[in-house]
Amino acid sequence: MSIKIAIQGVKASFHEEAAYKYFGQDIETIECGSFKQTCEMLKQGKADYVVMAIENSIAGSILPNYNLLRDYRFHIIGEVHLNIQQNLLALPGVKLNDIQFVESHPIAIRQCDEFLGEHPEWTIKEGMDTAGCAKKIADEKLTHTAAVASEYAAKIYGLNILEKRIETHKKNATRFLILANEVVEQKGANKASLSFQTGNAVGSLAAVLQCFAEQNVNLSKIQSMPVVGRRNEYDFYVDVEWKKQSDYDAAIRKVLKHTVNFSIMGEYIKNEKV
């Protein structure tokens, strides 16, 4: 029986591509209309794992997903990076001059702002998902609408590619997290995602970061999010990487003395292949 992966979006979405890249082809993807729904699927045992986008090299961090990580307390067991190539898709026979509307996910639209800016005559509409917008064009036979989506989406939904590689920056990658309900021990883990709070005193955060530096543990990302309902208090989310397990273990022991609500969200193997 193939494992079930909850993804935000429909078939041929970038989340599905990321799922195939991490788990291989022998999986069943569960299409969800929102990231919250993917989390509910995992929580209820209807999915074995969730694939969740967390940051894009152009658009930055996907902040609402940090709130979901905080609320659901799932375990991060891995990561996958996907090179994002955007294309302009339309029904067969539709030409560039026929286009009046372009629809896609807000982040995909931002990734293509230079190309779309060259066509002020188009009305840009935000949708829930790149592949979902492509599917809508195919299902509803929309002759004046184009979608910004992947080549895979064009193939799956029988659309033509009017313009290839319309993303502004060609080195456009998205990082996805692999989430599970239970800890899956990773032999050779060399990366971790942590969350914590610090006091308000001068240098509180600096003291924590110094603990990592002293133990030769590299801080590869830091993200702050306001603590709901508590003014001037923040949750810090950090990703750290190490070469020696003993350095990481020592750094964590030191950090615990300078933080509250400290949590190891996941320890896993770094993966930066795109």
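Presented here is an overview of the structure given in this document.

Rules used in this analysis
- Residues numbered from 1 in each chain as written.
- Predicted model: local features only at pLDDT ≥ 70, side-chain atom pairs only at ≥ 80, totals over all residues.
- Heavy atoms only, no water.
- Axes fitted to C-alpha atoms, helices over the stretch in contact; angles between N-to-C directions.
- Helix = DSSP H or I, 4+ residues; strand = E, 2+ residues; numbered from the N terminus.
- Parallel < 35°, antiparallel > 145°, perpendicular 65-115°, else oblique.
- Left-handed = near helix turned anticlockwise from the far one by under 90°.
- Contact = heavy atoms within 4.5 Å.
- Nonpolar A, V, L, I, M, F, W, Y, C, P; charged D, E, K, R; others polar.
- Core = buried A, V, L, I, M, F, W, Y, C linked by side-chain atoms within 4.5 Å.
- Buried < 20%, exposed > 50% of the residue type's maximum accessible area, 1.4 Å probe, protein only.
- Pairing = 2+ DSSP bridges.
- Phe/Tyr/Trp six-rings, centres within 6.5 Å; stacked < 30°, edge-to-face > 60°.
- 1 Å grid on protein atoms, 1.4 Å probe; cavity = no way out; pocket = protein on both sides within 12 Å on 5 of 7 lines; lining within 4 Å.
- Points joined across faces, edges and corners; volume = space filled by probe spheres on them.

It is worth spelling out the packing of helix α8 (residues 204-214) against helix α9 (residues 245-256) at this point. Orientation of α8 relative to α9, taken along the N-to-C sense of each, is 160°, at an axis distance of 8 Å. As far as their axial angle goes, α9 and α8 are roughly antiparallel. Both α8 and α9 take part in a crossing whose hand is right-handed. In this structure, α8 uses V208, C211, F212 and E214 to contact α9, whose residues at the interface are A251, K254 and V255. Per-class residue counts for the contact of α8 with α9 are 5 nonpolar, no polar and 2 charged.

In terms of nonpolar packing, the biggest core is built from 29 residues, with L88, V102, A134, A153, Y157 and L159 touching the most fellow members. Taken together, the elements giving at least two residues each to this core come down to β6 (87-90), α4 (106-111), α5 (113-117), α6 (130-140), β9 (145-149) and α7 (151-157). Beyond its immediate sequence surroundings of up to four residues, L159 is in contact with L89, A90, L91, P92, A134, I137, A138 and A154. Formed by 23 residues, the second largest nonpolar core is a distinct cluster that contains C39, Y66, Y72 and L179.

Reading across from one edge, β13-β14-β12-β15 is the order of the 4 strands in this open sheet, with antiparallel pairing throughout. With one partner strand each, in any of the chains shown, β13 (218-226) and β15 (260-268) form the two edges of the open sheet. For this sheet the average axis-to-axis angle between neighbouring strands, irrespective of direction, equals 15°. Of the strand pairs in this sheet, strand β12 (residues 191-197) and strand β14 (residues 234-241) are connected by 6 bridges, and their pairing is antiparallel. Bridging from a neighbouring strand, S195 pairs with Y237 of β14. Sitting on the sheet, α8 is in contact with β12, β13 and β14, with an inclination near 155° to β13. Where α9 meets the sheet, its contacts fall on β12, β14 and β15, and the angle it forms with β15 comes to roughly 165°.

Now for the packing of aromatic side chains. Any aromatic ring pair is given by two values, namely how distant the centres are and how the planes are angled relative to each other. Summed over the entire model, instances satisfying the criterion amount to 7 aromatic pairs. Measuring from centroid to centroid gives 5.1 Å for F23 and Y49, while their planes differ by 35°, and the two rings are tilted. A residue pair is termed long-range when its members are at least 10 positions apart, and F23 in helix α1 (residues 14-23) and Y49 in strand β3 (residues 49-56) qualify at 26 residues. Given a relative accessible area of 22%, F23 falls into the partly exposed group.

Here we take up the packing of helix α2 (residues 35-43) against helix α3 (residues 63-72). Taken N-terminus to C-terminus, the directions of α2 and α3 make an angle of 20°; their axes are 10 Å apart at the nearest point. Here α3 runs roughly parallel to α2, going by the angle between their axes. For α2 against α3, the interelement crossing comes out right-handed. Note on element contacts: α3 touches α2 through N65, L68 and Y72, opposite F35, K36, C39, E40 and K43.

Right, let's talk about the environment of A206 for a bit. Checked against the element boundaries, A206 lands in helix α8. Taking the C-alpha atoms as reference points, A206 and H258, separated by 52 residues in sequence, lie 10.0 Å from one another.

So, about the side chain of Q111. Within the secondary structure, Q111 is located in helix α4. Take Q111: its relative accessible area is 3%, and that puts it in the buried class.

What follows concerns the layout of surface pockets. Space inside the largest pocket adds up to approximately 440 Å³. Counting only elements with at least two residues in the lining of the largest pocket, the list comes to α1, β3, α3, α4 and β11 (173-180). Ranked by residues supplied to the lining of the largest pocket, first place goes to α4 with 4 residues. Residue classes in the lining of the largest pocket are distributed as 12 nonpolar, 11 polar and 1 charged. Empty space within the second largest pocket amounts to approximately 230 Å³. Around the second largest pocket, the lining is made up of 15 residues, and of these V183, V184, E185, Q186 and E267 lie nearest the centre. Among the secondary structure elements, those contributing two or more residues to the lining of the second largest pocket are β5 (75-83) and β15. Considering every element that reaches the lining of the second largest pocket, the biggest residue donor is β15, with 4 residues. Residue classes in the lining of the second largest pocket are distributed as 8 nonpolar, 5 polar and 2 charged.

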